[in-house]
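# Structure at a glance
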Number of protein chains: 2
Amino acid sequence: MATGRTHRPATRSRGIPEATVARLPLYLRALTALSERSVPTVSSEELAAAAGVNSAKLRKDFSYLGSYGTRGVGYDVEYLVYQISRELGLTQDWPVVIVGIGNLGAALANYGGFASRGFRVAALIDADPGMAGKPVAGIPVQHTDELESIIRDNGVSIGVIATPAGAAQQVCDRLVAAGVTSILNFAPTVLSVPDGVDVRKVDLSIELQILAFHEQRKAGEEATTGVAAETAVPAAAREESGTDQGPDGDVPAVMPA
Amino acid sequence: MATGRTHRPATRSRGIPEATVARLPLYLRALTALSERSVPTVSSEELAAAAGVNSAKLRKDFSYLGSYGTRGVGYDVEYLVYQISRELGLTQDWPVVIVGIGNLGAALANYGGFASRGFRVAALIDADPGMAGKPVAGIPVQHTDELESIIRDNGVSIGVIATPAGAAQQVCDRLVAAGVTSILNFAPTVLSVPDGVDVRKVDLSIELQILAFHEQRKAGEEATTGVAAETAVPAAAREESGTDQGPDGDVPAVMPA
DNA sequence: ATGTCTTTGTGAACGCGTGCACAAAGATGG
DNA sequence: CCATCTTTGTGCACGCGTTCACAAAGACAT
C-alpha cells in the first residue's frame, strides 16, 4: 500500500523499520493459522513460505523484535504470536469509528476481521439524516453532528473514512480536531493532516490502474515487440465519455446508498 | 501498498520504475481535476502539492515518460493527462470480473471509480446458487460454474477476488487457468500464482494493524517514556476470545450475505 | 536580438531495504 | 562429554528510490 507517510522520518520507530512493521501482520496471520492447528514450532523457512516472503528477510524482521527463536529448532508459535501482537499493539482494544456508511462503509462494518483482532467498531457515522438510527451490522448509524462527542466519549483514536472524496478532507479535519490520530482513508483524495497524525490510504482505482499498466506491457511485449501503439495522438483524446457517474475524481469510494 | 510482486525483477518495465508507476494514477487524478477546472498548465511544484508528493520526485517520474514539460512554464494539463493515460493503458477498455459477491464484492460492483476510468465490470460471479440471476449494481450475478466461459468469451485479463480466504486460492487458480493474468486480491491470504501473473493485495485488517502499531508507539512515547508495557508475559495470552466470527485468519474480506 | 527570470530535466550522493552467505548457538544422538 | 547436524542471527554488499542542487532550456520583456 500506499501510505500517507505524513510525518516521522520513516524508520527509528524504536528501531523497527517501516517495511518490517508492514510485514508483521502477515506473519501474525500465518502464525495464527499454525496455532489453530496446534503446531508448536516453525522454522523461518516454513513460516516464510506461508507468509510468502524470503526466509532471510523474515529472520531479519524478527531480529528487530529480539531473539525469540531457538537455533536448531525454530520459533515457538504461541510465544511469537504473543510477541508480535504486543508489538503491534493488538493486546489492547482499539475503538474505531467508520464515517460514511455507503456500500463500502457498510461492508467495512460487517467485516469480521476488524472485531477479531483487537479492533472494535465503536460507531458508524453518516451525514445522511435518513440513515440515523438505521442499524448496519447491528450497530445504529449516528449522524455526523455527534462525531465529536462520539470520539471523545469513546476515546477513539483511529478513524476510517469511507465518504465521497468531496467530504473526506472536512471529515478528516473534524476527526483530527476531536482527537483522532490515525486515519484509514478509502476516499480517493490526498488528505492533509497535521504532524503527528498517521494516514494510510486504500485506493481501489489506483490498484487497478497499476495492474492495467503491467497488463498492457505484457500484451505489448508478446505481440508486436515494436509496439504499434506509440502513435502520438495530440490531445483531446480520453474525453470523459459522460458515464452515469460523475467525473471519477470526485467519486466516493462507494456511493452512499 | 501491498503487492504480490510475484514475478519480474521489479524495474526495467521499459525503464519505468515500479515506484513511479504506482504514483502515476495519483498524478492522473490531480491532473483530471485541473482539467475539469480548465486549467491549461501546471508547474511541477503545484501538481506535486496537489498529489501530495515532492516536486523533484514528480519531475523525475515524468522524466521517465519523456520530456513533456516546457521549461519556464510547466506541463500542459491535457497533454499530460493523455500521456499518462496511455502509459497506464487506460485508453483501452479493460473488462474485469469480480468473484465473490458478498458485502465487499457488492460494494466493488457499485464502485463508480471502476467504470469511469477504462474499467468495465464484465461479470459478477458467486458460488452461492441462490445469488444467481440476482442483479447487483444492475448486473446479474452468475454462478461459479460459468467462470471459465465468462473469462474466455469476454477476453477478461483482470480479475478481482472478494471471496472468503478459504476459497481464494481455488478461485485464483481457475481464473489463471482461464486466462486471467492480473489479480486484485481482497481475501486475506497469500496467493500463489505462476510466473507472468501479477497479484496486488488489499488487506483492510493489515492496514489497521499498521496504524495500531504507530498509535501504540505514540501513546507510549508521550506518556511513560520508560514504557510500562514491557512486562514479558510468557504466553497463553491473546487467546482468541471466541468472537461471533470465526478465527480471523479465515475470515473473508467480507462475508457473503 | 539580448538579457532576465522561471521552471524543467538530471547528475550525483545518500539511505533504506533486500538477499547472500556464514559464523554462532543450541539440540540431539552416541 | 563430544561430535554432528540443524537453524538462527547478522555482517556485508548491492540496488532501488529519494532528494538535493544546478545547469540547460525556453518564455517574455525591452
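Residues numbered from 1 in each chain as written. Chains lettered and ligands numbered in written order. Predicted model: local features only at pLDDT ≥ 70, side-chain atom pairs only at ≥ 80, totals over all residues. Heavy atoms only, no water.

### Some thoughts on helix α2 (residues 44-51) of chain A
Residue and element names in this part refer to chain A. For α2, the complete set of buried residues consists of S44, L47, A48 and A51. Along the axis of α2, the buried positions cluster into a sector of 100 degrees, meaning they face one direction only. The exposed residues of α2 that point more than 90 degrees off its buried face are E45 and A49. Where α2 is buried, its residues touch α1 (18-36), β2 (41-42), α3 (55-65), β4 (74-76) and α4 (77-88). Taken from the residues just after α2, G52 is the one with a positive phi, measuring 75 degrees. (Buried < 20%, exposed > 50% of the residue type's maximum accessible area, 1.4 Å probe, protein only. Helix = DSSP H or I, 4+ residues; strand = E, 2+ residues; numbered from the N terminus. Arc of directions from axis to C-beta. Contact = heavy atoms within 4.5 Å.)

### Details of the UniProt feature "binding site: NAD(+)" (unreviewed entry) in chain A
Residue and element names in this part refer to chain A. Here, UniProt's "binding site: NAD(+)" (unreviewed entry) annotation points to G100, I101, G102, N103, L104 and G105. Along the chain, G100 turns up in the loop between β5 (94-99) and α5 (103-110). With relative accessibility at 7%, the residue G100 sits in the buried group. If near-sequence neighbours (up to four positions away) are discounted, G100 is found in contact with G105, I125, D126, A162 and T163. As for its placement among the helices and strands, L104 is situated in helix α5. Its relative accessible area of 4% is what places L104 among the buried residues. (UniProt positions renumbered as here; feature names shortened; annotations may be inferred.)

### Observations regarding the packing of aromatic side chains
Within the structure shown, the criterion is met by 8 aromatic pairs over all chains. An angle of 75 degrees between the planes, with centres 5.0 Å apart, marks the rings of B:Y111 and B:F114 as edge-to-face. Linked through ring pairs, A:Y27, A:F62 and A:Y75 together constitute an aromatic cluster. (Phe/Tyr/Trp six-rings, centres within 6.5 Å; stacked < 30°, edge-to-face > 60°.)

### With respect to the protein's contact with DNA strand D
Near DNA strand D there are 25 residues, and of these A:S44, A:R59, A:Y75, B:R23 and B:R71 occur at the shortest range. When atoms of DNA strand D within 4 Å of the protein are split into backbone and base, the sugar-phosphate part holds 63%. Contacts to DNA strand D include A:R59, whose side-chain N or O atom sits 2.9 Å from a base nitrogen. B:R23 places a side-chain nitrogen or oxygen 2.9 Å from a phosphate oxygen of DNA strand D. Of all elements in the fold, only α3, β3 (69-70) and β4 of chain A together with α1 (18-36) and α3 (55-65) of chain B reach the threshold of two or more residues within the surface near DNA strand D. The element contributing the most residues to the surface near DNA strand D is α3(B), with 4 residues. When the residues that make up the surface near DNA strand D are grouped by side-chain class, the tally is 7 nonpolar, 10 polar and 8 charged. (Near = heavy atom within 4 Å. Polar contact = N/O pair within 3.5 Å; in protein donor to acceptor, adjacent residues only side chain to side chain. Nonpolar A, V, L, I, M, F, W, Y, C, P; charged D, E, K, R; others polar.)

### Here's the deal with the confidence of the model for chain A
For chain A, per-residue confidence averages 85 on the pLDDT scale, and residues scoring 70 or more make up 80% of the total. Per-residue pLDDT stays below 50 along residues 225-257 of chain A; that stretch engages in 56 contacts with residues further than four places along the chain or on separate chains. (pLDDT = per-residue confidence, 0-100.)

### Observations concerning the packing of α1(A) against α2(A)
The packing of two helices is summarised by the inter-axis angle and the distance between the axes. All names here are of chain A. Direction vectors running N to C along α1 and α2 enclose 110 degrees, while the axes themselves pass 9 Å from each other. By the criterion of interaxial angle, the relationship of α1 to α2 is roughly perpendicular. Where α1 abuts α2, its residues L26, Y27, A30, L31 and L34 lie against L47, A50 and A51. A per-class count over the contact of α1 with α2 returns 8 nonpolar, no polar and no charged. (Axes fitted to C-alpha atoms, helices over the stretch in contact; angles between N-to-C directions. Parallel < 35°, antiparallel > 145°, perpendicular 65-115°, else oblique.)

### Regarding the pairing of strand β8 (residues 139-143) of chain A
Residues and elements named next belong to chain A. Bridge count for strand β6 (residues 119-126) against β8 is 3 bridges, and the pairing is parallel. Bridge pairing in β8 places L124 opposite V141. By the bridge criterion, 2 bridges tie strand β7 (residues 135-136) to β8 in an arrangement that is antiparallel. Looking across to β8, one finds that V136 is bridged to I139. Between β7 and β8, which follow one another and run antiparallel, lie 2 residues, and A137 among them has a positive phi close to 55 degrees. (Pairing = 2+ DSSP bridges.)

### A look at the nonpolar core
Residues A:I84 and B:I84 are the most contacted members of the largest nonpolar core, which totals 108 residues. If sequence neighbours within four positions are ignored, B:I84 has contacts with B:L24, B:Y27, B:L28, B:L31, B:F62 and B:L65. (Core = buried A, V, L, I, M, F, W, Y, C linked by side-chain atoms within 4.5 Å.)

### Topic: the environment of B:P25
Residue position: B:P25 is located in helix α1. Along the backbone, B:P25 and B:S85 are 60 residues apart, and their C-alpha atoms lie at a distance of 8.5 Å. With residues near it in sequence (within four places) discarded, B:P25 still touches A:I206, A:Q209, A:I210 and B:L88.

### Topic: the sheet that holds strand β2 (residues 69-70) of chain B
All names here are of chain B. One open sheet holds the 3 strands; their spatial order is β1-β3-β2, and the pairing between them is antiparallel. Either end of the sheet is taken by a strand with one partner, and the two such strands are β1 (41-42) and β2. Where β1 meets strand β3 (residues 74-76), 2 bridges bridge the pair, whose relative direction is antiparallel. The partner of V42 across the bridge, within β3, is Y75.

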